[in-house]
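A look at the structure
Take a look at the letters that make up each chain.
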Amino acid sequence: MPTKTPITVAHGDGIGPEIMNATLQILEAGGAALEIETIEIGEKVYLRGNTSGIEADSLRLLMGP
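Residues numbered from 1 in each chain as written. Predicted model: local features only at pLDDT ≥ 70, side-chain atom pairs only at ≥ 80, totals over all residues. Heavy atoms only, no water.

**Quick word on the pattern of salt bridges**
One pass over the full model with this rule turns up three salt bridges. Between Glu55 and Arg48 there is a salt bridge, with its nearest N and O atoms 3.1 Å apart. Accessibility expressed as a relative area gives 30% for Glu55, which makes it partly exposed. Within this structure, Glu40, Arg48 and Glu55 form a network of salt bridges that share partners. (Salt bridge = Lys/Arg side-chain N within 4 Å of Asp/Glu carboxyl O. Buried < 20%, exposed > 50% of the residue type's maximum accessible area, 1.4 Å probe, protein only.)

**Some thoughts on the pairing of strand β1 (residues 5-10)**
In terms of strand pairing, β1 meets strand β2 (residues 34-39) through six bridges, oriented parallel. If you follow Ile7 over to β2, its bridge partner there is Ile36. Crossover handedness for the path β1 to helix α1 (residues 16-29) to β2: right-handed. (Pairing = 2+ DSSP bridges. Helix = DSSP H or I, 4+ residues; strand = E, 2+ residues; numbered from the N terminus. Right-handed = clockwise from strand over helix to strand, strands pointing away.)

**Quick notes on the confidence of the model for the chain**
Summary statistics for the chain give a mean pLDDT of 92 and a share of 98% for residues scoring 70 or more. Per-element averaging of pLDDT across the chain places helix α3 (residues 56-63) at the bottom with 88 and α1 at the top with 96. (pLDDT = per-residue confidence, 0-100.)

**Observations regarding the environment of Glu28**
For Glu28, the location among the structural elements is in helix α1. Between the alpha carbons of Glu28 and Asp57 there is a distance of 27 Å; along the sequence they are 29 residues apart.

Put into structure tokens, the structure is as follows:
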């Protein structure tokens, strides 16, 4: 079994979720061995009071150490 490559997925808003789902289906059909971690960004985060639209923990995850 191949080692899975970790990726972070943010579905976002608007057409983002539809595009991300299609992209993940293509990757899966192509045999990509992925370990997917999903983060939330966009309007839902903004409406919780975070005006940047991304939580600090998610941003740190994307930016690395």
